[in-house]
Amino acid sequence: MVAAEAQGPLLTFDKREHRANPDISNVPRIRFLTTLDFPPFEFLDAEGRLSGFNVDLARELCDTLGVTAKCQIQALPFNELQAALESRAGDAVIAGIGVTPDLRAKYDFSRPYLQLSARFLSLRKTSGEPITPMKLAASKVGVVRDTAHQAMLKAYFPNVNPQLYDDRPAMLKALKAGDVDTVFGEGLALAFWAASGEADSCCAFRGGPYYSGDFLGEGMTIMTREGEPLAAAFDHGLLELARKGTLNELFVKYFPPGLY
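Residues numbered from 1 in each chain as written. Predicted model: local features only at pLDDT ≥ 70, side-chain atom pairs only at ≥ 80, totals over all residues. Heavy atoms only, no water.

Draft legend 1. Region of the structure containing the pattern of salt bridges. Tallied over the full model, the rule gives twelve salt bridges. The salt bridge partner of R88 is E228, with a shortest N-O separation of 3.2 Å. Residue R88 is found in the loop between α2 (81-86) and β5 (92-93), and its partner E228 is found in the loop between β12 (223-225) and α9 (230-244); the two are separated by 140 residues along the sequence. For D166, the salt bridge goes to R145, with nearest N and O atoms at 2.8 Å. (Salt bridge = Lys/Arg side-chain N within 4 Å of Asp/Glu carboxyl O. Helix = DSSP H or I, 4+ residues; strand = E, 2+ residues; numbered from the N terminus.)

Structure representation (structure tokens):
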């Protein structure tokens, strides 16, 4: 069965929902930990300032929760984030760490605030054609080997005989050269490549985004130490930001039109 196509990346927040706002007045400070090298989520802008979707979201959460004076944001290498949280060098990780059963046993997580999607990107001559199992089976579809996207493609389109590549650059080079008609991969990365000079306007999305918790995970969350009130406070803050439209404003600011 083909994954259901969704209307957008922001997870639905019911405006009638109530989320308790835990008392965090005794928390001396809230140090968000993130990275520098995952634009548009985290990066240094032209003036060397820490910027990005997650950075702005952390600041908006602090403002909504009334704790701006206590908030700090620090960037570390991705592989150091978990250790920094454990050693209390930070209080919350906002860097797209995938939620796994092992991590859930050790940490608390906010509710997801952004879904990750898989997309088909095709040469422009075929990008207007519908996505059907029959059409895909008759074309060459590239995917990076040993990834969630390869497994997802096999599960939802079992009749496709994929062309496997060792990494995304090799796959996209083959697409631009016409060695494959279509590729399947992480929607955000494909969107930014398609809009780049390297792609030279060769390609466009084909069909809508595909979501799967089984293959792509729960979505983007904020990780905190277990048993502390911050994750629940962030849940309350995210609900308020969704109600005010701030989450959607941040998405429009940082992501290219047509991504979802």
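Don't stop here, the text continues.
Draft legend 2. View of the pairing of strand β7 (residues 118-123). For β7, a buried count of six out of six residues is recorded, marking the element as mostly surrounded by other parts of the structure. Sheet topology places β7 next to strand β10 (residues 182-186); five bridges connect them, and they run antiparallel. Pairing of R119 across the sheet is with G185, part of β10. The pairing of β7 with strand β11 (residues 203-210) spans five bridges and is classified as antiparallel. Across the sheet, residue F120 finds its bridge partner in β11, namely R206. (Buried < 20%, exposed > 50% of the residue type's maximum accessible area, 1.4 Å probe, protein only. Pairing = 2+ DSSP bridges.)

Draft legend 3. The arrangement of the side chain of R31 in detail. The residue R31 is located in strand β1 (residues 30-34) in this model. For R31, the side chain forms a polar contact with the main-chain oxygen of R88, separated by 2.8 Å. Setting aside residues no more than four positions away along its own chain, R31 makes contact with Q72, R88, A89, G90, D91 and A92. (Polar contact = N/O pair within 3.5 Å; in protein donor to acceptor, adjacent residues only side chain to side chain. Contact = heavy atoms within 4.5 Å.)

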